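Each chain, letter by letter, is given below.
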Amino acid sequence: MPLHTEELMLNMGPQHPSTHGVLRMVVTLDGENIVDVQPDIGYLHSSVEKMMEHRTYLQNIALVDRGMDYLAAMANEEVWVLAVERLGRIEVPERARYIRTIMLELQRISSHLLWLGTFGIDLGAFTAFLWCMRERERIMDLFESATGGRLHHVYFRIGGVYDDLPEGWTDRCAEFCDYLLDRLPEYDELLTGNPIFLARTRGVGVLPLERAVAMGASGPVARASGLAYDVRRAHPYEVYDRVQFDIPVRTEGDCYARYLVRLEEMRQSVRIIRQCLEQMPAGEIRSKVAVTLRLPKGEVYARTESPRGDLGIYLVSDGGERPYRVKIRAPAFSNLYALTEMMRGWKVADVIAILGSIDIVLSDVDR
Amino acid sequence: MADPQYLPRSQVLPLDRALEIIDALPGGGVILTKVEEVLNWGRAASVWPLTFGLACCAIEMMQAYATRFDLDRMGVIPRATPRQADCIIVAGRATIKIAPIVRRLWEQMPEPKYVISMGSCATCGGPFYYDNYSILKGIDQVIPVDVYVPGCPPRPEALIEGFLKLQDKIKKEPFLRRRIQAAAAAQAGG
């Protein structure tokens, strides 16, 4: 005789240590099994798109740092200045493009390190958090000496970057690359072969390739499901067409594959930084652009590969000093959309592992 | 005269007059203050905050807990539930949607409780003050704030300074006197 069970609704968040911010999930359970998950977002909606219509193109650089994905401020600045430069047909000096690429890859490493640390905490490995934060502090030092800011840099400018790299910065950056490559095997020892970590991630939260595409997932989440797509390769910006790097792809689509993809991406980022440091020419870092910049009437879509995936900005200009309309295509929002697919059928204890593995930032989801 | 054992508590312990009696005793006030100092020394050295990150400042808050800055050495150990926390760090911008939840978390915390407002957004709305329809213009509209930490976002050192300021504040509090008054008020009300 089948056992009669009743469904239970469980509320997770908005204050929950592992929701990575202020996400609320309404989980419907049948015993221990997840029947349905409905994410409730909007707890961090900052009305950035509306605010951008009231600020000049230059002022908006400071706003996209804070209003969008705050773990990857450089990536936000990049997509914004890229959109403005494409619409205004503004040239960027070679040196600035190399500096930007280095900064973007450093930002990717720092974002992935923070993800790795918090994912470790979610699964009970506190040491991973402390180790990742140790490495991240070094990147913060690099950022601080070059840009003056630890988290929000406001370093990119329309037509270049704010200032040249300080003396000795490239040496310190190269030193950090060696340091990080030395440390990455430690994480392999700590997590990759750890039986508890494997039991909680391998085969858990599988997202098949066709569902990942249908849900609009991008970045490491899609690449872990077998989609060999990277905006840096498909639509190169800055100097990504001049450097050699691999796109790590896994086909399993589970939490463990997403972990492996991000770990490999850090190695590839180091590779890109090293090539950029070698190739970087001397010269100008900013072309002359008026402070009260007026863009021609028109519209443009710029897309970049942020640490979380395909980050795009759709910009409409009516010929004035301020944008007429800005639409942000946030990767974390689309990845969160695939969450329900990943969670259905798993146990309630896997909620944390699956949510942690997609690396959402609520500021990116809600904007 | 009745046996004091069988008298109601209010007649044995005249809480509403307790402070008066203590101050009238020779050296009573001094002893009370000394006991308070010892208690406050202990309380200040173990401020346990709630892990509640709203936005960007939460990342700097995590850095402050982690390797280089290590807030643990100040006795600051994060707790995951408001029932075990002494202090809430409002780290980041609070929206109108999250405001009632912050208020409820604060209400769930046991007395005595403190609030640190970390960053410009939590203090006054920060860069989201103008042209914005969704951000609360300062968390002090919802809960009372003890320490404001400026910055966008504040460095981990700034947060540590905020905790040191909070510890100074705790050390100066007339903790026992307040507790006796609160107990007297509760007794009179009950």
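Before going into details, it helps to say that this report is about the structure given with it. Being a predicted model, the structure only gives us computed values, none of them experimental. (Residues numbered from 1 in each chain as written. Chains lettered and ligands numbered in written order. Predicted model: local features only at pLDDT ≥ 70, side-chain atom pairs only at ≥ 80, totals over all residues. Heavy atoms only, no water.)

Take the overall build of chain B next. Across its full length, chain B holds eight helices and four strands. Reading chain B from its N terminus to its C terminus gives the helix and strand order α-α-α-β-α-β-α-β-α-β-α-α. A compact globule built from 190 residues should have a C-alpha radius of gyration of about 16 Å, whereas chain B, at 20 Å, is more than 25% larger. When the backbone C-alpha atoms are referred to their principal axes, chain B occupies close to 70 × 35 × 25 Å. Burial statistics for chain B: of 190 residues in total, 46% are counted as buried. Across chain B, every contact between residues at least 6 apart in sequence was considered, and the portion connecting residues at least 24 apart equals 79%. (Helix = DSSP H or I, 4+ residues; strand = E, 2+ residues; numbered from the N terminus. Rg over C-alpha atoms; globule rule 2.2 N^0.38 Å. Buried < 20%, exposed > 50% of the residue type's maximum accessible area, 1.4 Å probe, protein only. Contact = heavy atoms within 4.5 Å.)

Moving on: the interface of chain A and chain B. Facing 39 residues of chain A, the contacting portion of chain B comprises 35 residues. Contact with chain B buries area across many residues of chain A, yet Gln15(A), Tyr43(A) and Arg150(A) alone supply 20% of it, more than any other trio. At the boundary of chain A and chain B, one finds six salt bridges. Viewed at the interface, chain B and chain A are joined by 18 residue pairs in polar contact (both at pLDDT 80 or more). (Buried area = accessible area lost by both parts, 1.4 Å probe. Salt bridge = Lys/Arg side-chain N within 4 Å of Asp/Glu carboxyl O. Polar contact = N/O pair within 3.5 Å; in protein donor to acceptor, adjacent residues only side chain to side chain.)

With that settled, consider the side chain of Arg136(A). Its place among the elements puts Arg136(A) in helix α5 (residues 126-147). With near-sequence residues (within four places) excluded, Arg136(A) lies in contact with Leu71(A), Ser110(A), Leu113(A), Leu114(A), Leu151(A), Ile59(B) and Gln63(B).

Overall, the coordinates contain 47 salt bridges over all chains when judged by the stated rule. The salt bridge partner of Glu157(B) is Arg155(B), with a shortest N-O separation of 3.2 Å. Beyond isolated ion pairs, a larger network of salt bridges with shared partners links Glu105(A), Arg108(A), Arg223(A), Asp230(A), Arg232(A), Glu265(A) and Glu305(A).

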